[in-house]
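Results of the structural survey
Read off the chains here:
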Amino acid sequence: MTGAATPLVGYLLVAALLFAIGLAGALTRRNAILVLIGIELMLNAANLNLIAFWRYGPHPEALTGMMFAIFSIAVAAAEAAVGLGLVISIHRHAKTTDLDQMNRMKG
Amino acid sequence: MNIPFYLIAALTVLGGSAAVLLKNTVHCALALTIAFAGLAVLFLQLDAQFAGFAQILVYIGAVAILVVFAILLTRGSETPKDGVFSHTWLAGLAVAAAVFSVLGWAVLQSVPGLPYTPAAAPIVTVNDIGKALMGRYVLPLEIVAVLLTAALIGAVIVAMHEKEGTK
């Protein structure tokens, strides 16, 4: 594969940039679904870091970083399912997904 | 230098930026799919075939579809009149820029200590991953199984129609 020609710092910078983009999205958007999209981007950036360190680490055959990334993908899928279920439930209750208008926890 | 890496990295970052910047929510979900696909290709470049294909299956196959369903169910594709960004968007942008500058500074400071060339490409078959999951990582695997079951049931219960009179 071609990955060996790219230094590790390239992957780390891409992951940092993606994390910052996801954080900006989660902090600035009004739509709750877009906030979830930002969180997913942040989780993916962390996964890229895990895989890159696994590949460039001294013992890639131990599979540690790869396993971390796979479990992280599974947990992120669970988080997305519950988060979007909550958004649908709140939309049914409050008729909006605008976070600026959600200022009560009690229905 | 490595031209494919730069192309894929640019595609991924552009997809991610479009996913948080576009006005139409459906377009955001499509841009998010591009970012997920770019990340999957980056995983494949790093010789992590299993993680790359799991990324395609789980993120493009499930999470992106789930996001589109949620957008359509909540009519989120209608652009609100008073803008798509929160009124505290400047503070959020400043926090994100500060986080990126700290992360980038830390990465660039540690360049001399980072390994420049990776170890020889490890030959990792799905067989190895399966054996590791059933051996050394069996406890986390079981916990993830319980978590996924709980999340599935929880998501269904949360999104289920409320019966009249139970409020």
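About the criteria used
- Residues numbered from 1 in each chain as written.
- Chains lettered and ligands numbered in written order.
- Predicted model: local features only at pLDDT ≥ 70, side-chain atom pairs only at ≥ 80, totals over all residues.
- Heavy atoms only, no water.
- Helix = DSSP H or I, 4+ residues; strand = E, 2+ residues; numbered from the N terminus.
- Rg over C-alpha atoms; globule rule 2.2 N^0.38 Å.
- Buried < 20%, exposed > 50% of the residue type's maximum accessible area, 1.4 Å probe, protein only.
- Phe/Tyr/Trp six-rings, centres within 6.5 Å; stacked < 30°, edge-to-face > 60°.
- Contact = heavy atoms within 4.5 Å.
- Buried area = accessible area lost by both parts, 1.4 Å probe.
- Salt bridge = Lys/Arg side-chain N within 4 Å of Asp/Glu carboxyl O.
- Nonpolar A, V, L, I, M, F, W, Y, C, P; charged D, E, K, R; others polar.
- Core = buried A, V, L, I, M, F, W, Y, C linked by side-chain atoms within 4.5 Å.
- Domains from an automatic or database assignment.
- Patch = residues over 30% accessible without salt bridge, like charges linked within 9 Å, V, L, I, M, F, W, Y side chains within 5 Å.
- Areas by Shrake-Rupley, 256 points an atom, 1.4 Å probe, with all protein chains shown as cover.
- Expected span 1.5 Å × (residues − 1).
- Polar contact = N/O pair within 3.5 Å; in protein donor to acceptor, adjacent residues only side chain to side chain.
- Axes fitted to C-alpha atoms, helices over the stretch in contact; angles between N-to-C directions.
- Parallel < 35°, antiparallel > 145°, perpendicular 65-115°, else oblique.

**With respect to the overall build of chain B**
- In terms of regular secondary structure, chain B is built from 6 helices and 0 strands.
- N-terminal to C-terminal, the α/β element order of chain B is α-α-α-α-α-α.
- The C-alpha radius of gyration of chain B comes to 21 Å, more than 25% above the 15 Å expected for a compact globule of 167 residues.
- Structurally, chain B occupies a C-alpha span of about 65 × 40 × 25 Å along its principal axes.
- Per-residue burial over chain B gives 34% buried out of 167 residues.

**Quick look at the packing of aromatic side chains**
All names here are of chain B.
- Following the criterion strictly, the structure yields 4 aromatic pairs over all chains and no others.
- When the centroid spacing of 5.5 Å and the interplanar angle of 65° are considered together, the rings of phenylalanine 5 and tyrosine 6 count as edge-to-face.
- By relative accessible area, tyrosine 6 is classed as partly exposed at 43%.
- Ring centres of phenylalanine 36 and tyrosine 59 lie 4.6 Å apart, and the angle between their planes is 50°; on these two criteria the pair is classed as tilted. With phenylalanine 36 in helix α2 (residues 25-45) and tyrosine 59 in helix α3 (residues 49-73), the pair connects residues that are 23 residues apart, well separated along the chain. Here phenylalanine 36 matches tyrosine 59 in class, with each residue buried.

**A short note on the interface of chain B and chain A**
- Across the contact, 89 residues belong to chain B and 72 residues belong to chain A.
- Approximately 7000 Å² of surface area, both sides summed, lies buried where chain B meets chain A, with 77% of it carried by carbon and sulfur atoms.
- Along the contact surface separating chain B from chain A lie 1 salt bridge.
- Of all the secondary-structure elements, those providing two or more residues to the side of chain B that touches chain A are α1 (3-21), α2, α3, α4 (89-109), α5 (126-134) and α6 (138-159) of chain B.
- Among the elements that line the side of chain B that touches chain A, the one with the most residues is α3 of chain B, at 12 residues.
- Taken together, the residues of the side of chain B that touches chain A break down into 64 nonpolar, 17 polar and 8 charged.

**Section: the nonpolar core**
- One finds Leu48, Ile51 and Met66 of chain A to be the most contacted residues of the largest nonpolar core, which totals 64 residues.
- Listing elements by their share of this core, those giving two or more residues are α1 (8-28), α2 (32-56) and α3 (64-94) of chain A together with α1, α2, α3 and α5 of chain B.
- Summarising the domain contributions, this core has at least three residues from each of domain 1 (1-78) and domain 2 (122-167) of chain B.
- Dropping the residues within four chain positions of it, isoleucine 51 of chain A is found in contact with Met66 and Ala69 of chain A together with Phe43, Leu46, Ala48 and Ala51 of chain B.
- Of all hydrophobic cores here, the second largest spans 6 residues; its members include Leu23, Ala24 and Val35 of chain A together with Ala96 of chain B.

**Considering the domain arrangement of chain B**
- Per the domain assignment, the segments of chain B are domain 1 (1-78) and domain 2 (122-167).
- Spacing between the C-alpha centres of domain 1 of chain B and domain 2 of chain B amounts to 22 Å.

**Some remarks on the environment of leucine 139 of chain B**
- Note on placement: leucine 139 of chain B falls in helix α6.
- Separated by 85 residues in the primary sequence, leucine 139 of chain B and alanine 54 of chain B have C-alpha atoms spaced 20 Å apart.

**Some thoughts on a nonpolar patch on the surface**
Residues and elements named next belong to chain B.
- On the surface, Leu152, Ile153, Val156, Ile157 and Met160 cluster together into a nonpolar patch covering about 510 Å² of accessible area.
- You can see leucine 152 is positioned in helix α6.
- The exposure class assigned to leucine 152 is exposed, which follows from its relative accessible area of 60%.

**Topic: α2 of chain A**
All names here are of chain A.
- Look at α2: 37 Å from first C-alpha to last across 25 residues, which is about the 36 Å you get at 1.5 Å a residue.
- Burial analysis of α2 places 19 of its 25 residues in the buried class, the great majority of the element.
- Its side-chain oxygen at 3.0 Å from the backbone nitrogen of isoleucine 33, asparagine 31 defines the N-terminal cap of α2.

**A closer look at the environment of cysteine 28 of chain B**
- With respect to the helices, strands and loops of the structure, cysteine 28 of chain B is situated in helix α2.
- Separated by 13 residues in sequence, cysteine 28 of chain B and glycine 15 of chain B place their C-alpha atoms 8.8 Å apart.
- In this view, cysteine 28 of chain B contacts Arg29 and Leu34 of chain A together with Ala18, Ala19 and Leu22 of chain B; residues no more than four positions away in its chain are not counted.

**Section: the packing of α3 of chain A against α5 of chain B**
- Remark: α3 of chain A packs on α5 of chain B, axes separated minimally by 12 Å, with the N-to-C direction vectors making an angle of 75°. The orientation of α3 of chain A with respect to α5 of chain B, classified from their angle, is roughly perpendicular. Packed against α3 of chain A, whose contacting residues are Met66, Met67, Ile70 and Phe71 of chain A, the element α5 of chain B presents Ile129, Ala132 and Leu133 of chain B at the interface.

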